[in-house]
Amino acid sequence: MANEKKYYNQPAATARNCFIMAVIGAAVFLFPIMFPISTYGAGFALNLVGIVIFLTGLVTGFVFRGVAKQVDELVIGEGLLVHWTYAADEWARYVEADHLRDKRDKWGLFRLISIIAVVVGVIFALIVRKAWLSTLLTVGGLILIIALTAWLSIAASYREKRLHPGDVYIGKSGAMLGRSFHYWKLPAAFLRNASLQAGDPMFIQLDYSSPSGRIQGEYTARFPVPKGLEEEAKKVVAQLKGEDFEIGVEVPK
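All of these numbers come straight from a predicted model, not from anything done at the bench. (Residues numbered from 1 in each chain as written. Predicted model: local features only at pLDDT ≥ 70, side-chain atom pairs only at ≥ 80, totals over all residues. Heavy atoms only, no water.)

Enquirer: I'd like to hear about the side chain of H99, residue by residue, with values.
Expert: Secondary-structure assignment places H99 in helix α3 (residues 88–127). H99 sits in the buried class, given a relative accessible area of 15%. Excluding residues that lie within four positions of it along the chain, H99 makes contacts with I154 and Y158. (Helix = DSSP H or I, 4+ residues; strand = E, 2+ residues; numbered from the N terminus. Buried < 20%, exposed > 50% of the residue type's maximum accessible area, 1.4 Å probe, protein only. Contact = heavy atoms within 4.5 Å.)

Right, here's the structure in full:
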């Protein structure tokens, strides 16, 4: 039976934006053809930029449209293993716990990158002493930009989770928590591991690998288990792992 509940399909929104970008690219490509530019080389440059934007937007749009279709199929029940809706207090506790973990992880990464940037900057300044001031300004600016990016990312994630109460859909090919969709059936993508982690609340952890540009990205997604549904969560993990045995995780009483 189809799920009549409204939900936000993030990949579909991304696909629309990509197709808009493709239209803009086509306009940039056609502009010097329809309105010749007298400046030498300018028309060719616009043609080149336009075709790159058009192809990038078109290809990326079709990729995300395919992922958006997977979201729709998951929500209506195709390949769906479990659908949970969290009580308001459960969701609030999860949001706060996830916010603390997100801050710890991202600020930890910021500190690591900052240390590396400072070390590289000091070495460069010692080698090229005349450039010490420009090196100092560059490293300082880089650290400031990274700090601002980390802060905005943490704040945006926290705000989105607070504004949009949580539902989770976990399927054989992907899972969605709130507005975040995780999918491991793209080319070169796969689910590395599914596990049940003890905690308050207990949560399902999915580790998967998926291509990101020219590199293979490693991702971790966590899905809190509503109180009283721990046994159901065990079955979901077993299905994802393709195993029929009981998983040795102590369920909090």
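Structure shown, so let's carry the discussion forward.
Enquirer: Could you give an account of the environment of G77, with specific residues and numbers?
Expert: By the element assignment, G77 lies in the loop between α2 (42–76) and β1 (80–85). Taking C-alpha positions, G77 is 9.1 Å from Y169, a pair spaced 92 residues apart along the chain.

Enquirer: Go over the packing of helix α1 (residues 10–34) against α2 with me, naming the residues and quoting the values.
Expert: Remark: α1 packs on α2, axes separated minimally by 7 Å, with the N-to-C direction vectors making an angle of 160 degrees. It follows that α1 is roughly antiparallel to α2 by the angle criterion. Note on packing geometry: the crossing formed by α1 with α2 is left-handed. Residue classes in the contact of α1 with α2 are distributed as 23 nonpolar, nine polar and one charged. (Axes fitted to C-alpha atoms, helices over the stretch in contact; angles between N-to-C directions. Parallel < 35°, antiparallel > 145°, perpendicular 65-115°, else oblique. Left-handed = near helix turned anticlockwise from the far one by under 90°. Nonpolar A, V, L, I, M, F, W, Y, C, P; charged D, E, K, R; others polar.)

Enquirer: An account of the sheet that holds β1 is needed here, citing residue identities and associated values.
Expert: Taken in spatial order, the four strands line up as β1-β2-β3-β4 in an open sheet, and their pairing is antiparallel. A single partner strand is all that each edge strand has here, and the edge strands are β1 and β4 (180–183). Averaged over all adjacent pairs, the angle separating strand axes in this sheet is 10 degrees, with direction ignored. Helix-sheet contacts for helix α5 (residues 230–241) involve β1 and β2 (167–171), and the interaxial angle to β1 is about 150 degrees. (Pairing = 2+ DSSP bridges.)

Enquirer: Provide a residue-level description of the sheet that holds strand β7 (residues 215–224), including the pertinent values.
Expert: One open sheet holds the three strands; their spatial order is β5-β6-β7, and the pairing between them is antiparallel. Looking at the sheet topology across the chains shown, the edges are occupied by β5 (190–197) and β7. Taking the axes of each pair of neighbouring strands and ignoring which way they run, one obtains an average angle of 20 degrees across the sheet. Bridging between strand β6 (residues 203–212) and β7 involves 10 bridges; their strand directions are antiparallel. Its bridge partner being in β7, Y208 is matched across the sheet by Y219.

Enquirer: Please provide a residue-by-residue account of the pairing of β4, values included.
Expert: Two faces, one strand: in a regular strand the side chains alternate between the faces of the sheet. Relative to β4, strand β3 (residues 174–177) runs antiparallel, the two being bridged by four bridges. When the bridges of β4 are listed, A175 appears paired with H182. From the end of β3 to the start of β4, which pair antiparallel, there are two residues, and G178 there has a positive phi angle of about 65 degrees.

Enquirer: Explain the packing of aromatic side chains residue by residue, including any values.
Expert: Under the criterion given, the structure shown has eight aromatic pairs. Pairing F19 with F62 gives two aromatic rings, centres 5.3 Å apart and planes at 75 degrees, and the pair type is edge-to-face. Of the two residues, F19 sits in helix α1 while F62 sits in helix α2, which places them 43 residues apart along the sequence. Taking relative accessible area as the criterion, F19 reaches 24% and is therefore assigned partly exposed. Here F62 falls in the partly exposed class, since its relative accessible area comes to 44%. Site record: aromatic cluster; members linked through ring pairs are Y86, W91 and Y94. (Phe/Tyr/Trp six-rings, centres within 6.5 Å; stacked < 30°, edge-to-face > 60°.)

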